[in-house]
Amino acid sequence: SSPIRFPPVASGSLETHLGMAADPLETLGELCWPYKCLPTELREAAVRESAAELTGALSDLQNPDASPELLAYALRRVDRCRDYGREPLDLYVQIIVELWRLVQESKIGYWLRRKCVGALQHKLRGIRKQFVPVRGLRPMPHQTVEASLSVLRQTLSWRTVQTLMLGELERTSRGAPLESPSNAYHLAESLAGLVNELRHWTATDEAEEVVNSLDQFMDPSQRSVVLFGRLMLMALPTESSAKFVEDGRLFRWWDLLPRGANPRFSLMWIALPARVAKVRWASGAPWSAEPVLPHERLCALLDIVAGTMSLPVDGRHCDMDHFAEDCQWAFLGKTTYRLVAKFLVYSLEPLQKAGQPFPENSMWAALEMLCRRLAACTIHTGAWTWHVRTFLCELCRGYYVRVCRERYQQPGCLAHESFLMTPACDDAFVKLTWPLLTDTLTLQAGGHDHLQTSTTSALSFVSRLAVMNMQRWEEVKSFAQDAVQDLADPMSVRHSSTFHLLTSLTPLLVYAAPGLILEAADLALPGIDPTDPMKTMVACAFFVNLFVQVPTRDLSSVTDLPDDLPSLLGGILPLHPKGGQVVAGATPGDLQMVTSAFPDLCHALLERFLEYVQAQSKPSKKDAMAALEIGGPRLLSTAIFLAIKQADASVANSMVERLAEWVSLTLLPNAVKAVGMLVGVCTLANNDAAGKIMDKAIGRLPLGSGSLSSLGETEALWHLHILGAAARFGGTSLPPRRAALEARMYAALDDKRKA
């Protein structure tokens, strides 16, 4: 997502009014890489500090006499440094070598070895993501450090990790202990993630040796067959997957257990065909009509997927942990639906004409058949709900990632032109998935907030594709209008899911339907409810996202707005290089009408915050919901910061004066933390806010004979908290008030009362 940015017009009045940079792309770059906005000396100081931190941690890791406490502290220091683009690569290489040594040191104990394994996995992944080109994309300019990475490839060995893992699993009855997990079991569990990462650092010609070392343990009479099968998939290099599909060994492993005996086992083998499909796409070779899986295997896969989802149309329930209940989640990895979605997405054929029937036996036809089977499961919730929503989210995300990689000009895609998705493909994909997602949100009962989030995430991906097609965008906008109207119903149980939806659609609605987003903002204010912390948080997140996307400036007085208002949306969406374009956006009149309501919205948001903290009870430290209850004021303070920071001077000053007057006349000892956050962000956003609030607080703290004895403890403590919050970012407002501040500080320190 990106904020709306307008280019300078001839008279310069719009740019002056908004106070924005002349180059919108430069502004976007500063938003994505905030450290680039810092002065040169600060950036250089930050790099030196990070290098010193890494050097100190490396010295501790290399110390042969280091105590366990010192090693643990060094690992925490290593974990804090994660900016691989700024920090020296050679230091990271040396740290990885030392971590690799410590992983094999049994004398340091299981706990420290697990920490070293986790740190090693994270550092390897960070280095790979930063310096190894993404599969299917051309290398970036900074991805030319193969010499340094070759040191790691020579040092790391999958054999060492496999020996460690098998040794620890042997102590726990081949990975399926009946007693509670031991330290050895937990170490093997942490090594599983490292095995999966080392797959990217293993040479392709070692694939046969990986298979031979684990194939001997693939005994279908043992429950550990699921575990060792997963280990084999995690250890096999991606580029070698095609060989095992072509020679039939994949199908032999796949058939070790009867279909449906263990759904995880049946689904996880789709990893090899999924890798084959993606490697074909990324190879640069022309598209081939030969499928990755034979037609009968593809039909069997769709049946396995439907059975695993426990679809009601199939009339059977699936026990996901049957036959392998003791196999830990770390070995089974993340959801296997991601692998299924990856296989389907990278196997889709290019379509030339929109609205035509899909070719027979094509992957599009298989996807259509699967979507039809899922359509009956979006009406009600049941055992299938999590499965269906997770699969749809992974499917939509995978397709959007593919078209982004194919269509972005930088760094460029290696896939052959015959592989590239067309606008007809986008239209077909939206047509297949949009009804499923909308039915999920509108026809199912309320609740299941954690499941609704995956659906709204999928809707955001599909909506970005729909905005490039007028007919599909009208369907999206119509659905968004119905969702906004649902906010007006106080008895609706879908407020939280609607807020999630609007937050994900904000970039598109700000561009093409700003009036709708303003109406949603007005209706979202009652969602800030002290009796419902979760709804409050998602409502506040909506306001934060809104004010990030568009400045809170009133443009109604600007008379020379250009007729064509460009934005960065066209540069961010994956437009097809041959004629792809975004639907028409808002007109200057729409923009002026919408922005004219921003001052009232900012004041209403501040008033809502003040009402919220007055009704909120003091969170208890023993209450599990305490963190959730403080999350709402924190997000709301962020939204108010953005509103004051971007608003006109008159609007910002009136909001600050209202807050200063309110804190001087109010006494809320149970809301000190929330009000302190609000005061802090206001003084950070407005230069004059600190002085105004401090003057009010100083006036409420009179000194009688040099003490605060004339005030009650609660009242004195309240105003001192407000004074401290305002002084934290006081800046130039502090020196003129130094004497008054010091007098109140000394009076408070000399006070003998308990508070």
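From a predicted model like this one, the values you see are computed outputs, not experimental measurements. All residue numbers refer to positions counted from 1 along the written sequence of the respective chain. For this predicted model, a pLDDT threshold of at least 70 governs which residues receive local features, and a threshold of 80 or more governs which side-chain atom pairs are given and counted, while totals over whole chains, interfaces and linings are taken from all residues. To obtain the side-chain values, all non-hydrogen atoms of the structure were included, while hydrogens and water were left out.

### Quick look at the overall build of the protein chain
For the purposes of this entry, the term helix denotes a DSSP run of H or I that reaches at least four residues, the term strand denotes a run of E that reaches at least two, and both are numbered from the N terminus. Along the protein chain, the regular secondary structure elements total 35 helices and 0 strands. A 1.4 Å probe rolled over the protein chains alone gives each residue an accessible area, and that area as a share of the maximum for its type sets the label: buried under 20%, exposed over 50%, partly exposed in between. With 755 residues in all, the protein chain has 51% of them scored as buried. What makes two residues a contact is simply this: any of their non-hydrogen atoms within 4.5 Å. Pairs at least 24 apart in sequence give 77% of the contacts found in the protein chain among residues at least 6 apart. Residue exposure ignores everything except the shown protein chains as possible cover, and the areas themselves are Shrake-Rupley values with a 1.4 Å probe. Surface accessibility of the protein chain: about 33800 Å² in total, with carbon and sulfur atoms responsible for 54%.

### As for the packing of aromatic side chains
Between rings of Phe, Tyr and Trp, where Trp is taken as its six-membered ring, a pair exists when centres lie within 6.5 Å; planes separated by under 30 degrees are stacked, by over 60 edge-to-face, and by other angles tilted. One pass over the structure, following the stated rule, counts 13 aromatic pairs. Note on phenylalanine 217 and phenylalanine 228: the rings are 4.9 Å apart at their centroids and 15° apart in plane angle, and the pair reads as stacked. Taken together, the residues span a long stretch of sequence, with phenylalanine 217 in the loop between helix H10 (207–215) and helix H11 (225–235) and phenylalanine 228 in helix H11 at a distance of 11 residues. According to the relative accessible area criterion, phenylalanine 217 is partly exposed, its value standing at 21%.

### What about the packing of helix H5 (residues 89–103) against helix H6 (residues 110–131)?
Geometry of a packed helix pair, given as the angle between the helix axes and the separation of the axes. Relative orientation of the contacting elements H5 and H6 amounts to 150°, with a least axis distance of 9 Å. Considering the relative orientation of H5 and H6, their crossing is left-handed. Of the residues in H6, those in contact with Leu89, Tyr92, Ile96, Leu99, Trp100, Leu102 and Val103 of H5 are Arg113, Cys116, Val117, Ala119, Leu120, Lys123, Leu124, Ile127 and Phe131. When the residues that make up the contact of H5 with H6 are grouped by side-chain class, the tally is 14 nonpolar, no polar and 2 charged. In this analysis an axis means a line fitted to C-alpha atoms, helices contributing only their contacting stretch, and an angle means the value between N-to-C directions, from 0 to 180 degrees. By definition, turning the near helix anticlockwise from the far helix through less than a right angle yields a left-handed crossing, and turning it clockwise yields a right-handed one. In this classification, Asp, Glu, Lys and Arg are treated as charged, Ala, Val, Leu, Ile, Met, Phe, Trp, Tyr, Cys and Pro as nonpolar, and every other residue, Gly included, as polar.

### Focus: the state of the cysteines
Criterion for a disulfide: a pair of cysteine sulfur atoms within 2.5 Å. Tallied over the entire structure, the rule returns 0 disulfides. Of the cysteine sulfurs around cysteine 396, a residue in no disulfide, the closest is that of cysteine 393, at 7.3 Å. The class for cysteine 396 is buried, based on a relative accessible area of 1%.

### Some thoughts on the pattern of salt bridges
Salt-bridge detection follows one rule: a side-chain nitrogen of Lys or Arg within 4 Å of a carboxyl oxygen of Asp or Glu. Overall, the coordinates contain 32 salt bridges when judged by the stated rule. The residue glutamate 406 makes a salt bridge to arginine 402 at a minimum N-O spacing of 2.8 Å. Of this pair, glutamate 406 and arginine 402 are both found in helix H20 (residues 385–407), 4 residues apart, which corresponds to roughly one turn of the helix. The class of glutamate 406 is buried, set by a relative accessible area of 8%. Residue glutamate 611 pairs with arginine 608 through a salt bridge whose shortest N-O separation is 3.4 Å. Of this pair, glutamate 611 and arginine 608 both sit in helix H29 (residues 598–615), separated by 3 residues, roughly a single helical turn. On the accessibility criterion, glutamate 611 (45% relative accessible area) is partly exposed. Since its relative accessible area comes to 24%, arginine 608 is described here as partly exposed. Put simply, Glu53, Asp60, Arg77 and Arg80 are held in one network by salt bridges that share partners.

### Some points on the side chain of glutamate 206
By the element assignment, glutamate 206 lies in the loop between helix H9 (183–198) and H10. Two N or O atoms form a polar contact when they lie within 3.5 Å of each other; inside protein one atom must be a possible hydrogen donor and the other a possible acceptor, and for residues adjacent in sequence the pair counts only when both atoms belong to side chains. A distance of 2.6 Å separates a polar atom in the side chain of glutamate 206 from a polar atom in the side chain of tryptophan 158. Each residue touching glutamate 206, except ones within four places of it in the same chain, is listed here: Trp158 and Arg159.

### Observations concerning the packing of helix H8 (residues 158–170) against H10
At their nearest, the axes of H8 and H10 sit 12 Å apart, and the two run at 10° to each other. As far as their axial angle goes, H10 and H8 are roughly parallel. On the side of H8, the interface is formed by Trp158, Arg159 and Gln162, while H10 contributes Glu209, Val210, Ser213 and Leu214. For classification purposes, angles smaller than 35 degrees are called roughly parallel, those larger than 145 roughly antiparallel, those between 65 and 115 roughly perpendicular, and all remaining angles oblique.

### Thoughts on the environment of arginine 634
Along the chain, the position of arginine 634 falls in helix H30 (residues 626–646). Measuring from C-alpha to C-alpha, the distance between arginine 634 and leucine 678 comes to 8.2 Å, with 44 residues separating the pair along the chain.

### Some thoughts on the confidence of the model for the protein chain
For the protein chain, per-residue confidence averages 82 on the pLDDT scale, and residues scoring 70 or more make up 85% of the total. Per residue, pLDDT measures the predictor's confidence, with a range of 0 to 100. Counting contacts from residues 1–35, a segment whose pLDDT is below 50, to residues more than four positions away or on other chains yields 61 contacts. Within the model, the stretch residues 313–330 combines pLDDT values under 50 with 53 contacts to residues more than four positions away or in other chains.

### Overview of the environment of aspartate 426
Relative to the helices and strands, aspartate 426 is located in helix H21 (residues 423–443). In this structure aspartate 426 comes out as buried when scored by relative accessible area, which is 7%. Every residue in contact with aspartate 426, bar those within four places of it in the chain, is listed here: Tyr399, Val403, Arg407, Leu465 and Met468. Of note is the side chain of aspartate 426, whose polar atom sits 2.7 Å from the side chain of arginine 407.

### A few points about unusual backbone geometry
Cis geometry marks the peptide bond from glutamine 410 to proline 411, where omega comes out at 0°. Looking at where proline 411 falls in the secondary structure, it is placed in the loop between H20 and H21.

### Focus: helix H35 (residues 738–750)
Expected helix span is given by 1.5 Å per residue-to-residue step, counting one fewer step than there are residues. The terminal C-alpha atoms of H35 lie 18 Å apart, and with 13 residues this matches the ideal 18 Å at 1.5 Å per residue to within 8%. Along H35, the positions that sit buried rather than exposed are Leu741, Arg744 and Ala747. In an axial view of H35, the angular spread of the buried residues amounts to 130°, which keeps them on one side of the axis. The outward face of H35, more than 90 degrees from its buried face, is lined by the exposed residues Arg738, Ala739, Leu749 and Asp750. The arc in question is traced by the directions running from the helix axis to the C-beta atoms.

### Brief notes about helix H4 (residues 68–80)
An α-helix turns once per 3.6 residues; consequently, residues spaced three or four apart project the same way. Under the 1.5 Å per step criterion, the end-to-end length of H4 is 19 Å for 13 residues, consistent within 8% with the ideal 18 Å. All of the buried residues in H4 are Leu71, Ala72, Ala74, Leu75, Arg77 and Val78. Buried residues belonging to H4 abut helix H3 (40–62), H5 and H6.

### Points about a nonpolar patch on the surface
Without a salt bridge and with relative accessible area above 30%, a residue can belong to a patch; like charges are then joined within 9 Å and nonpolar side chains (Val, Leu, Ile, Met, Phe, Trp, Tyr) within 5 Å. Together, Met745, Tyr746 and Leu749 make up an exposed nonpolar region whose accessible area comes to about 350 Å². Relative to the helices and strands, leucine 749 is located in helix H35. Take leucine 749: its relative accessible area is 63%, and that puts it in the exposed class.

### Here's the deal with the environment of serine 241
You can see serine 241 is positioned in helix H12 (residues 241–246). Those residues in contact with serine 241 that sit more than four places away from it in its chain are Leu272, Arg275 and Val276. In this structure the side chain of serine 241 is engaged in a polar contact, spanning 2.9 Å, whose partner is the backbone oxygen of threonine 238.

### Examining the side chain of arginine 199
Counting through the fold element by element, arginine 199 comes out in the loop between H9 and H10. Of the buried charged residues, arginine 199 lacks a salt bridge, with glutamate 239 as the closest side chain of opposite charge at 7.2 Å. If sequence neighbours within four positions are ignored, arginine 199 has contacts with Leu233, Met234, Ala235, Leu236, Pro237, Thr238 and Arg275. For the charge count, each Lys or Arg is scored as positive and each Asp or Glu as negative, with His and the chain ends excluded.

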